[in-house]
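Close look at the chain arrangement
For reference, the chains in residue letters:
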Amino acid sequence: MSTTTPAAPPAPARAPKAALFHPTVARLTYRALLGRRRALILFALPTLLVVLAIAVRALANADDSTAGGILGGFALGTMVPLIGVIAGTGAIGPEIDDGSVVYLLAKPVSRSTIIFTKLFVAIGVTVAFSSLPVLFAGFILNGNSQQMAVGYAVAAAIASVAYSALFLLFGTVTRHAVVFGLVYALVWEALMGTLIPGAKTLSVQQWALAVGQRVAADGAITSDVQLPVAVCLLVALTAVATWYAGRRLKALTLAGEE
Amino acid sequence: MTHISIDHVSRWFGNVVAVNDITMTIGPGVTGLLGPNGAGKSTLINMMGGFLAPSNGSVTLDGTTIWRNAGIYRHIGIVPEREAMYDFLTGREFVLANAELHGLGRAEAARALATVEMEYAQDRKISTYSKGMRQRVKMASALVHDPSVLLLDEPFNGMDPRQRMQLMELLRQMGDQGRTVLFSSHILEEVEQLASHIEVVVAGRHAASGDFRKIRRLMTDRPHRYLVRSDNDRALAGALIADPSTAGIEVDLAEGALRVQAVDFGRFTELLPRVARDHGIRLLTVSPSDESLESVFSYLIAA
């Protein structure tokens, strides 16, 4: 081993400029997300949706009601939040858990930049694995009758943004982010959201459906939340979750192994 | 010249005090942070690396606060103790990613890999590396931006003797170049072989600072042991035991020497040659038998 250059006196430590995106952080996050076992679930759920759509069409003719049931019930109600959990928590949680995040944090890169970049990657992965399959399945199910396929795909994309921000936050707050994410996705969104009227108002799924309702033909997609309220809540949730995740990362401490 | 200053720093986790009112300055050259497991070494290094806020006191790099200051990483390279890396990357991809995060590129990554002699395995995935190879790639990632400060937490763990010597030589060179190199260890011989300066931490407290032999001598309230050979051991023993600076003498027949326990280092070092001269005794060997870091360490822990 040998070194070549002598140490020069350091310049004063300036704070790095905050940017919205760092390509290296994005590459590491993307490869971590798609290189682990969780990638199997990312691929499995959309595949299941498409297979289900093909099976339904093989057994019956195109039907808006059946399409609404599958796209609204299975896709928006279960698949999108689950993919959000996998991508959102997976974008940062494992690195914090195993300590490898130290290689990102020990760099002159703003921690806000790290959070923004990871959010963009989580959104991209969630949209790719939820919105596109929803669109594809919608066309298979009823040929985009009443703009249902597009409406549900837009709703899935909108939900992907909010879920990514929310579950990314979970990843910075707790070591049990996946558990909390699953409880939220399956208990709150899929169960409580369908049974308790109040819970529907505080459901990302319902906010996203309000946007999808606007895109699709009248009555094709329904939501329990008015569009202006839904948009405000979506923006507020995404902004607050991202801001707080950045704050958590700035104050992240790595306790010793002693 | 880059200095890390730790000023009256304490850190507690709940009711547990990990670091207790420590003040020290780490300057250019190689400094060993020595202490048993659980002494607070990693906590100190995490605070110096900006990954832990002190509960009390301040940790600064040339006067600039380290905590919540990402700008300091332009000057600091960190080799963490934890094994976890981006195992799905190759060594080259990993070091390149670290270079890019510093705004650097392939040339700097290649130079850092060459410095730790890992070019031969740079295209293998990190998941296939041995512990020593992982340690060297971690070193490369810390050196990629040519930092003036290098912090290493137990860097020799898992390395074979050859790799250990290579890393020691590298750290020695970096210290000679005027960089501030701090490494933690609980292995005394590592520190003894490498560090020009040591900081000893025991049970969260700063137990000692400086050259390890000086530290040993500063502890005048502790007995010092010497192995002494002369041409008349018994006469020498009788003369030495009469002085209060000598607490005990054992005639070691097997070694053919005296084992002397002195309680006043300064006085004893003046006494021994004077007594020998006055009694016409020729001293053949005078060697401290407990100046290894091991003995320094055990005294400090017991103190």
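Residues numbered from 1 in each chain as written. Chains lettered and ligands numbered in written order. Predicted model: local features only at pLDDT ≥ 70, side-chain atom pairs only at ≥ 80, totals over all residues.

Once that is clear, we can look at the interface of chain B and chain A. Every contact between the two is made by 52 residues of chain B and, on the other side, 39 residues of chain A. Ranked by the residues each element gives to the side of chain B that touches chain A, the list is headed by helix α5 (residues 161-176) of chain B, at six residues. The residue makeup of the side of chain B that touches chain A, split by class, is 21 nonpolar, 21 polar and ten charged. (Contact = placed C-beta atoms within 7 Å. Helix = DSSP H or I, 4+ residues; strand = E, 2+ residues; numbered from the N terminus. Nonpolar A, V, L, I, M, F, W, Y, C, P; charged D, E, K, R; others polar.)

Residues and elements named next belong to chain B. A sheet is described by the order of its strands in space; here four strands give the open sequence β2-β1-β4-β5, paired in antiparallel fashion. At either margin of the open sheet sits one strand with a lone partner, and together these are β2 (16-26) and β5 (64-65). As defined by bridge partners, strand β4 (residues 56-61) adjoins β5 across two bridges and the pair is classed as antiparallel. Bridge pairing in β5 places L61 opposite T64. (Pairing = 2+ DSSP bridges.)

To continue, consider the UniProt feature "transmembrane region" (unreviewed entry) in chain A. All names here are of chain A. Per the UniProt entry, the sites bearing "transmembrane region" (unreviewed entry) are residues 39-60, 66-93, 114-137, 149-170, 177-196 and 225-245 in this numbering. With 93% helix and 0% strand, residues 66-93 has its two end C-alpha atoms placed 37 Å apart. End C-alpha atoms of residues 225-245 are separated by 27 Å, and the span's content is 90% helix alongside 0% strand. (UniProt positions renumbered as here; feature names shortened; annotations may be inferred.)

A word on helix α3 (residues 64-90) of chain A. Because each turn of an α-helix spans 3.6 residues, side chains separated by three or four positions end up pointing in the same direction. Taken as a whole, α3 of chain A carries its principal kink of about 45° at A75 of chain A. Among the 27 residues of α3 of chain A, 20 are classified as buried, and the element is accordingly described as predominantly covered. (Bend = angle between axes of the 7 residues up to and from the residue. Buried ≥ 20, exposed ≤ 12 C-beta atoms within 10 Å, placed from the backbone.)

This brings us to unusual backbone geometry. Although it is not a glycine, Q146 of chain A sits at a positive phi angle of roughly 55°. Position of Q146 of chain A among the secondary structure elements: in the loop between α6 (111-142) and α7 (148-173). Look at Q146 of chain A and you get partly exposed, because 17 C-beta atoms sit within 10 Å. In this structure, E117 of chain B is a non-glycine residue whose phi angle is positive, near 55°. Within the secondary structure, E117 of chain B sits in the loop between α3 (106-115) and α4 (131-143). The exposure class assigned to E117 of chain B is partly exposed, which follows from the 15 C-beta atoms found within 10 Å.

Turning to the packing of α3 of chain A against α6 of chain A, a few remarks are in order. Two measures define how a pair of helices packs: the angle their axes make with one another and the distance between the axes. Residues and elements named next belong to chain A. At a minimum axis separation of 10 Å, α3 and α6 run at an interaxial angle of 165°. Relative to α6, the element α3 lies roughly antiparallel. Where α3 crosses over α6, the two elements pack in a sense that is right-handed. Residue-level contacts link D64, T66, A67, I70, L71, A75, M79, V80, I83, G84, A87 and G88 of α3 to A122, V125, T126, F129, S130, V134, A137, G138, L141 and N142 of α6. Within the contact of α3 with α6, the residues separate by chemical class into 14 nonpolar, seven polar and one charged. (Axes fitted to C-alpha atoms, helices over the stretch in contact; angles between N-to-C directions. Parallel < 35°, antiparallel > 145°, perpendicular 65-115°, else oblique. Left-handed = near helix turned anticlockwise from the far one by under 90°.)

What follows is about helix α10 (residues 204-215) of chain A. All names here are of chain A. The first and last C-alpha atoms of α10 sit 17 Å apart over twelve residues, in line with the 16 Å expected at 1.5 Å per residue. Most of α10 is tucked away, with ten of its twelve residues classed as buried. Here α10 has its buried residues at V204, Q205, Q206, W207, A208, L209, A210, V211, G212 and Q213. (Expected span 1.5 Å × (residues − 1).)

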